[in-house]
Amino acid sequence: MIISVASGKGGTGKTTVACNLALAVGYCQLMDYDVEAPNTSFFIKPDIKHIQKVSIKQPYFLTETGADFSKCAEFCHYNAVAVIGEEVILFPELCHGCGGCLLVGPKQAVREKDVVVGEVKKGVAKPNINYYMGDLRPGSMRTVSLQSALDKDIIKSELVIIDCPPGTSCSMVFSVKDCDYCILVTEPTPYGLNDLQLSVEVLKDMGKPFGVVINRDGIGDDQVEKYCRDNYIQVLAKIPNDIEIARYYSRGDSIIDYNPEYRQVFENILKDIEKELEL
Ligand code: SF4
């Protein structure tokens, strides 16, 4: 079973929920798909055993051949190529490595090279967690390329917990595309509600079952709960706004470390999900 943990907005406690769920259940593949800012390792403290570089194909142009590269620029859906006079410019951050330049460009004058966009780090953590993390190279925008590399390590017959990127962009959609259930983490504020509503729309469009965890319960107002009630969305758990939880968090300790009674809260989240999915 794959459970993705997402949030419409950063800083709501998505990673806290993913890590504490993994620690409470005790056995899983924990996968950090938040490749631009992976921080599950801060709480899980894995022993990294293997680091694999992830690269993409990128075209380069042999301008000394005098060939005309205008077809590459015309073809590129992402506007990653510009031809100005005899100059051809590649904007690498826009290139998706689709290989189109090679197909439509002048033969022998367009080549491809491997460009490293990041790393996948694999390790183990206690109690029985197999850990995987994508770490995007600074300046690279190829989040989905790195997430695709992580996808290859998923064992669907196991419990898989994915810490998604925040927001509702394509990298979030990629992180929930194969999940059986999505936990949406939010906070009870107008911003939290607005971004929760955006995430709910995405998941509904994708036909994914989901429930909500309200973090920092006690701040803000009751509009998130009202929204969930009005829309028949299950609130899986509420985590109180507690300065001690924040202190433990800032030291890289889990909520379960702070208060072992929270183990039951996270175990119950899994039970509720299994019940909804009739497992
Ligand atoms: S490889 Fe594809 S995305 Fe990259 S520049 Fe060529 S056409 Fe554009």
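For every chain, the first residue of its written sequence is number 1, and the numbers climb from 1 along that sequence. With pLDDT at 70 or above as the cut-off, local features in this predicted model cover only qualifying residues; side-chain atom pairs require 80 or more to be listed or tallied, and sums for whole chains, interfaces and linings still use all residues. To get the side-chain values, all heavy atoms of the structure are used, and hydrogens and water are removed first.

Enquirer: Could you clarify how one ought to interpret the site of the ligand in this entry?
Expert: Around the ligand lies a shell of 14 residues, among which Cys76, Cys95, His96, Cys98 and Cys101 are the nearest. Put plainly, a pocket is an open set of points on a 1 Å grid over the protein atoms alone with protein on both sides within 12 Å along at least five of seven lines, a cavity is a set where a 1.4 Å probe fits but cannot get out, and a lining residue has an atom within 4 Å of a point. More than half of a molecule's atoms lying within 2 Å of a cavity's or pocket's grid points is what places that molecule inside it. Among the detected pockets, the ligand sits in the largest cavity. The residue inventory of the shell around the ligand, partitioned by class, reads 10 nonpolar, four polar and no charged. Residues are classed as near a molecule or strand on a simple rule: at least one heavy atom within 4 Å of it. Classes in brief: Ala, Val, Leu, Ile, Met, Phe, Trp, Tyr, Cys and Pro nonpolar; Asp, Glu, Lys and Arg charged; the others, Gly included, polar.

Enquirer: Just to check I follow, could you spell out unusual backbone geometry for this structure?
Expert: Backbone phi values are negative for most residues with the exception of glycine, while trans is the configuration of most peptide bonds. The residue after lysine 126, namely proline 127, is reached through a cis peptide bond having omega 0°. Among the secondary structure elements, proline 127 is positioned in the loop between β6 (110–125) and β7 (128–136). The phi dihedral of tyrosine 232 is positive, around 55°, even though this residue is not glycine. Considering the arrangement of structural elements, one finds tyrosine 232 in the loop between α8 (223–230) and β11 (235–240). Exposure categories follow from relative accessible area, calculated using a 1.4 Å probe and restricted to protein chains: below 20% of the type maximum is buried, above 50% is exposed, and the middle band is partly exposed. Classification of tyrosine 232 as exposed rests on a relative accessible area of 79%. Helix and strand definitions follow DSSP, with helices as H or I runs of at least four residues and strands as E runs of at least two, each counted in order from the N terminus.

Enquirer: So what exactly am I meant to see when it comes to the environment of glycine 192 here?
Expert: Within the secondary structure layout, glycine 192 lies in helix α7 (residues 190–206). Distance from glycine 192 to asparagine 39, taken between C-alpha atoms, is 21 Å for residues 153 residues apart in sequence.

Enquirer: Hey, could you run me through the pairing of β6 in this one?
Expert: Sheet faces and side chains relate simply in a regular strand, where the side chains alternate between the two faces. Bridging between strand β3 (residues 47–61) and β6 involves 14 bridges; their strand directions are antiparallel. Residue pairing across strands places histidine 50 opposite lysine 122, the latter belonging to β6. A pair of strands is considered paired only if DSSP assigns at least 2 bridges between the two. Where β6 meets β7, eight bridges bridge the pair, whose relative direction is antiparallel. Looking at β7, one finds that valine 120 is bridged to glycine 134. Hairpin remark: β6 followed by β7, antiparallel, with two residues in the connecting loop.

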